[in-house]
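Report on the structure
Now for the letters of each chain:
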Amino acid sequence: MYKIIKKGLSVMSYANPDIKTFLELAKPVLNNQNFNKSAQNTQHGQTSVYEHSLAVAYYSYRWAIKLGLTEHLDELVRGALLHDFFLYDWHDKSHSRLHGFHHPFTALKNAKKEFSLSPREQDIIRKHMFPLTLVPYKYKESALVSIVDKFCAAYEIAAKYQLPFAIEPAI
């Protein structure tokens, strides 16, 4: 998936049948100018915030289907895409060293400015860093995105350092 993201979304539409559905659900966020600016900031390793958010959304979407959590796929995809919508380079020393604790709230504030969010989408964004954010998930989709986010981050960091367990997640 990461290789496909790096090549561009147009390639994704041909990769497999449910990518088309995923892209339809993701389109409102993917067409947002500020979301696209997240490609300029590094998230983990050599992965941009844009690439990371897209991977988290896609893998969350795929796992939701596998787990039968299909009733709120649109909210899951939007919440996952916006979970790191903080719009700054967190590696810059001018930002708080407590980025992990604060960025979900910044992401939610920014997302509310750009989109009309459901309570489920807000919960996904606000609680994706649980247990750092202290308050547990209200929705299954929030828990799923949080778990997938941690797996994607681990992969991205391992890939940067070429660790032997840097194997791209598969579904």
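It should be noted that the structure appears before, not after, this text.
Residues numbered from 1 in each chain as written. Predicted model: local features only at pLDDT ≥ 70, side-chain atom pairs only at ≥ 80, totals over all residues. Heavy atoms only, no water.

Things to note about the overall build of the chain
Helices and strands together make up the secondary structure of the chain, namely 9 helices and 2 strands. Element order for the chain, N to C, with α for helix and β for strand: α-α-α-α-β-β-α-α-α-α-α. When the 171 residues of the chain are sorted by exposure, 50% land in the buried category. Counting contacts in the chain only where the partners sit at least 6 residues apart, residues at least 24 apart contribute 60% of the total. (Helix = DSSP H or I, 4+ residues; strand = E, 2+ residues; numbered from the N terminus. Buried < 20%, exposed > 50% of the residue type's maximum accessible area, 1.4 Å probe, protein only. Contact = heavy atoms within 4.5 Å.)

Some points on the nonpolar core
Counting residues in hydrophobic clusters, the biggest one holds 35 residues, and the most contacted among them are F22, L30, F35, L81 and L82. At the level of elements, α3 (17-30), α5 (49-67), α6 (73-82), α7 (99-114), α8 (119-127) and α9 (140-160) are the ones that each hand at least two residues to this core. Of the residues forming this core, the biggest block, 9 residues, is contributed by α5. (Core = buried A, V, L, I, M, F, W, Y, C linked by side-chain atoms within 4.5 Å.)

Some remarks on the pattern of salt bridges
Any two side chains of opposite charge can pair, on the condition that their charged atoms come close. Tallied over the entire structure, the rule returns 4 salt bridges. Ionic pairing is found between E75 and R120, a salt bridge with its closest N-O pair at 3.5 Å. Pair noted here: E75 is in helix α6 and R120 is in helix α8, with a separation of 45 residues, a long-range link. Judged by its relative accessible area of 13%, E75 is buried. Across the pair K127 and D123 runs a salt bridge, and its minimum N-O distance is 2.6 Å. (Salt bridge = Lys/Arg side-chain N within 4 Å of Asp/Glu carboxyl O.)

Notes on α3
Over its 14 residues, α3 runs 19 Å from end to end, which matches the ideal 20 Å to within 8%, given 1.5 Å per residue. Residue E24 marks the point of greatest curvature in α3, where the axis turns by about 35°; the proline P28 follows within four residues. The complete set of buried residues in α3 reads I19, F22, L23, A26, V29 and L30. (Expected span 1.5 Å × (residues − 1). Bend = angle between axes of the 7 residues up to and from the residue.)

Overview of the packing of α3 against α5
α5 packs onto α3 with a crossing angle of 135° between their chain directions and a minimal axis gap of 11 Å. Relative to α5, the element α3 is oriented oblique. For the pair α3 and α5, the crossing hand works out as right-handed. The residues of α5 that touch α3, namely those facing D18, I19, T21, F22, L25 and L30, are Y50, L54, A57, Y58, Y61, R62 and I65. (Axes fitted to C-alpha atoms, helices over the stretch in contact; angles between N-to-C directions. Parallel < 35°, antiparallel > 145°, perpendicular 65-115°, else oblique. Left-handed = near helix turned anticlockwise from the far one by under 90°.)

Considering unusual backbone geometry
The omega torsion of the bond from F130 to P131 falls at 15°, within 30 degrees of zero and hence cis. Mapped onto the secondary structure, P131 falls in the loop between α8 and α9.

Topic: the packing of α5 against α6
Taken N-terminus to C-terminus, the directions of α5 and α6 make an angle of 155°; their axes are 8 Å apart at the nearest point. Classified by the angle between their axes, α5 and α6 sit roughly antiparallel to one another. Between α5 and α6 lies a crossing whose hand is right-handed. On α6, the residues touching S53, L54, V56, A57, S60, Y61, A64 and I65 of α5 are L73, L76, V77, A80 and L81. Considering only residue class, the contact of α5 with α6 consists of 11 nonpolar, 2 polar and no charged. (Nonpolar A, V, L, I, M, F, W, Y, C, P; charged D, E, K, R; others polar.)

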